Amino acid sequence: MPRVLLYLIGIPLLLVVAAVLLLPLVLDEDRLVALATDTLEQRSGARLEVRGQAGLSLFPRLALRLTDTALQLPGEGQPDISVRELSVEVFLRPLLSREVVIKGLELDGLVLTLPAQEAAPDADPASFSDAQLDAFYAARQQAMREAAETGAGAVIGAPLALNVASLRLTDARVIMQQPAGAEPRVLELPALMATDLNLEGKPASLTLQLRVPGEQELALDLATVFSASADSQVLTLQELEAGLSGATVTPLTLRATGTVRLDQQLAELELELESGPTQGNGTVRYAGLESPQVDATLRLNLLDPALRLLAGPEAATSAASAAADGDAPLPLGALRLADTRADLRIERAVLGPHTVEDLRLRLRAVEGVATFDTITGTVHGGKVNATATLNARRSTPTLTTRGELAGLDTSILLAALEAQPVLSGKANANWQLTSRGNSRNALVSGLEGDIRLDTESLALEQLGVERMLCKVIAQVNQQSMQTELPERSDFDTLSVRIRLAGGEALLDPLQATLPHLGLRGDGKMDLLSNDFVATFQARLAPSLGELDPACRVNERLTAIDWPVECRGQLGGEPGDWCRVDSEAIIADLARNELESKVKEKGGRLLERLLKR
C-alpha cells in the first residue's frame, strides 16, 4: 500500500518537474504527459495511462490536473489502480532550485483492486488437527522472527518523506477480490485529509473516514495530530481521537497519546475509552513483532464487549463472529490467534444475569492457552477468589479451575436469576474442577472434581421438612394436629460434598440439621437439564413434640430413619419436590416393635432360667 501511494504521488510530481523544464516553450500538454509517462516507466517499471484530460496551469497557482487515469504496476499479481481525478499543486520557488515541494495533492475516486489470493484450505485455526496446530504455531513464530530481522515496519514512514503540505482523498475504495468468484470485500474511504506531512519532527495532522460495508457496517472516524522523525523512525501522537461503530453494541470512542516505532511496529499508548455508559483508562503496548503482541493495564467502570479488541486484530475479528448457543463451537480461532497479557480492574461486570463488583482479572493468552492467575471480586454479596486455565493449544480444549466463594447471599442470587425467592441465607463453596470439550455445554457436562458447600442461616421456602414429618407422626399417633406449621425449613447447618462426573453432580453426602431433626442422604443432578433425585434419612429429636402435641415422639420413633424422597428440577416448585415414605416408616416401626417384643420375651425366659 505505501508503494502504491508513492506511485500516485510520484506521477504528478514527474509531470510538474517536466512542465517547469519546458516553460520557455509553448506548452504541449499531450507531449508533457507522454514524457512523464516514459520517464515513470523507465525509472519504476510502472505504466501510466491518462484516458481523460490533462491540464497544466501556471497562474494563479502551479498545478496539474489529470482525469480518468490508470496505473499498471510491474510484475504479476499486482493491484489495478485507477483515479477519477488527480490534482497536484507545488510551490514555485523550491521548484526553481530543482526541489519539489508539494503544496496540495487531491485524489478523487481512487479505486485500488487487489487480485484474489489462492484460498488456503482450513485457514481457520478453530478447525485444525493437533498436527496442523503445531505447524500453525511454528509458522507464526517463524514469521515473527523473520519480520523482526528484516525490519518489516520501516516502510510505513516512507509516504511522509514527500513533504506534502496538504493531501486530500475523497470517495476512495479498496476492492479485495475473493477466491472462487466469491463476493469481493470492499473498504470505503469517503474522506482523508492530511496536512504538513514531514519526517522532520514537525507537527502534522490527519483525519479520515473508513467504512466496511456489510450486514453490520463498520465505521471508523479518526483525527490525530502527530510528528514523525526519519532519523529515529518514531511517530509521536500528541493527540488522537477515534470513533468506532458497528464492532460493538454501542459506539466506541478512543483517545490516545504516546509513541509508535515504525520500524519495529511497536506502539506504547495511554488510553481513554468510552462506549455508552462504559468508561476506562490505562496503558496499552502493541508489539507486532514481539510476544505478547498486546500488553494492557486498564481500569473500567463496566465490562464491555469492546475489550475483545485487546486480543489483537485477528483474534477480535474471529471472536466477533462466534455464536452464543451453548452447543455452538467455542471461539477457538480467536483464542489461538490471541497473544495478550492484561491486568484489568473493573468496577462492575455484568455477565449474563450475574453482576460482579470490583472484578480483578489478570490473564495471559498465547498459542491457544488462556491463563487467569487472578480472578477476584464480589458476586451476589460473596467474595470470589479463583484461578482458571482454558488450554486450547490442542484440538480438544481442556479447562482447569480452582477457587472459593465466601458469603454468597442466596436471595440475591435467585433475584438475579429471576427465580422464585425460595432460599435465603449465606453459602460458602470451594472447588477444584477439570473438563474438556469444544462447546460450552460440552465443558459443563464434562466437569469432573469436587465442590464443597456449606451454608449459614439457610431457609427454604415452600418446603417444610418438619411440617411434613409432623403430619406423618400425627397419623402414627392417631391424633390430629392443632397447629398450622409453616411451609418453610430453617436449617441450623447444611453441608454437602458434590462430586462432578459423567455429566452429573453427585451429592455424597448431604448433611443438615434443623431445630428438631437431622438429615443425611445422597442424590444426583443432571448438569444440563438440572433434573435431580435424592434420598434422605431423617432422625427425629425428642423436642419435635414442642411444635404440636400430635408430633410427640418416643424412643420407638427416634430410633428409626424416616425416609424422605425428593425429585424435581431446580427452578421448579419446591413444594412438589419431596415426600415422606410413610409405608417404609410403618414397616420399620412394625419391625422394631417385633424386635422389641422378641427381646422382651427372651429377657423374661432368660430370667426364669437363671432363677432355677
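Scroll up to find the structure.
Peer 1: Tell me about the overall build of the protein, and name the residues and values.
Peer 2: Helix and strand content of the protein: 11 helices and 29 strands. For the protein, the share of sequence-separated contacts (at least 6 apart) that also reach a separation of at least 24 residues comes to 51%. On the protein, roughly 32600 Å² of surface is accessible, and the fraction owed to carbon and sulfur atoms is 53%.

Peer 1: Can you tell me about the state of the cysteines, naming the residues and giving the values?
Peer 2: According to the stated counting rule, one finds 2 disulfides in the structure shown. The side chain of Cys470 participates in a disulfide bridge whose partner is Cys551; the two sulfur atoms lie 2.5 Å from each other. Here Cys470, found in helix 9 (residues 465-477), pairs with Cys551, found in the loop between strand 27 (531-540) and helix 10 (555-558); they are 81 residues apart in sequence, far enough to count as distant. Here Cys470 falls in the buried class, since its relative accessible area comes to 0%.

Peer 1: Now, about the pairing of strand 20 (residues 398-409): what can you tell me, with residues and values included?
Peer 2: The two faces of the sheet receive side chains in turn, since in a regular strand these alternate between them. Bridge count between strand 19 (residues 382-391) and strand 20: 9 bridges; the pairing is antiparallel. By the bridge assignment for strand 20, Thr387 is matched with Arg402. Here strand 19 hands over to strand 20 after 6 residues, the two strands then running antiparallel side by side.

Peer 1: I'd like a rundown of the nonpolar core, residues and numbers included.
Peer 2: If you look at the biggest cluster of nonpolar residues, it comprises 106 residues, and the most contacted ones within it are Leu519 and Trp562. Residue contributions to this core peak at 6 residues, all from helix 9. Discounting chain neighbours no more than four positions away, the residues touching Leu519 are Val465, Phe491, Leu510, Gln511, Ala512, Leu514, Phe536, Gln537 and Ala538. By size, the runner-up hydrophobic cluster in this structure holds 8 residues, among which are Leu332, Leu335, Ala338 and Ala365.

Peer 1: Let's hear about the environment of Arg345: which residues, and what values?
Peer 2: Tracing the backbone shows Arg345 in strand 16 (residues 339-351). According to the relative accessible area criterion, Arg345 is partly exposed, its value standing at 36%. It is 5.8 Å that separates the C-alpha atoms of Arg345 and Leu359, two residues lying 14 residues apart in sequence. With residues up to four places along the chain from it excluded, the contact list for Arg345 reads Leu298, Arg299, Leu300, Leu359 and Arg360.

Peer 1: With reference to specific residues and values, describe the side chain of Asn428.
Peer 2: Counting through the fold element by element, Asn428 comes out in strand 21 (residues 423-436). Owing to a relative accessible area of 15%, Asn428 belongs among the buried residues under this scheme. A polar contact of 2.7 Å, which involves the side chain of Asn428, links it to the backbone nitrogen of Gly407. Discounting chain neighbours no more than four positions away, the residues touching Asn428 are Leu405, Ala406, Gly407, Arg452, Leu453, Asp454 and Glu456.

Peer 1: Provide a residue-level description of unusual backbone geometry, including the pertinent values.
Peer 2: Each neighbour pair has its own omega, and for Ser291 with Pro292 the value is 0°, a cis peptide bond. Here Pro292 lies in the loop between strand 14 (278-287) and strand 15 (294-302). Across the junction of Asp508 and Pro509, the peptide omega takes the value -10°, indicating a cis bond. Mapped onto the fold, Pro509 is located in strand 25 (residues 504-514). In the Ramachandran plot, Glu367 falls in the positive-phi region, its phi being about 50° despite a non-glycine side chain. Note that Glu367 resides in the loop between strand 17 (354-366) and strand 18 (369-379). A positive phi is found at Gln462, a non-glycine position, where the angle reads about 70°. Tracing the sequence through the fold places Gln462 in the loop between strand 22 (448-461) and helix 9. Gln462 gets classed as partly exposed once you look at its relative accessible area, which sits at 29%.

Peer 1: Account for the pattern of salt bridges, with residues named and values stated.
Peer 2: What the rule picks out here adds up to 28 salt bridges. Among the salt bridges present, the one from Glu367 reaches Arg393, with a minimum N-O distance of 3.0 Å. In this pair, Glu367 is assigned in the loop between strand 17 and strand 18 and Arg393 in the loop between strand 19 and strand 20, connecting sequence segments 26 residues apart. Glu484 serves as the salt-bridge partner of Arg467, at 3.1 Å between the closest nitrogen and oxygen. You can see Arg467 sitting in helix 9 and its partner Glu484 sitting in the loop between helix 9 and strand 23 (488-490), a full 17 residues away along the chain.

So, how was this worked out
Residues numbered from 1 in each chain as written. Predicted model: local features only at pLDDT ≥ 70, side-chain atom pairs only at ≥ 80, totals over all residues. Heavy atoms only, no water. Helix = DSSP H or I, 4+ residues; strand = E, 2+ residues; numbered from the N terminus. Contact = heavy atoms within 4.5 Å. Areas by Shrake-Rupley, 256 points an atom, 1.4 Å probe, with all protein chains shown as cover. Disulfide = S-S within 2.5 Å. Buried < 20%, exposed > 50% of the residue type's maximum accessible area, 1.4 Å probe, protein only. Pairing = 2+ DSSP bridges. Core = buried A, V, L, I, M, F, W, Y, C linked by side-chain atoms within 4.5 Å. Polar contact = N/O pair within 3.5 Å; in protein donor to acceptor, adjacent residues only side chain to side chain. Salt bridge = Lys/Arg side-chain N within 4 Å of Asp/Glu carboxyl O.

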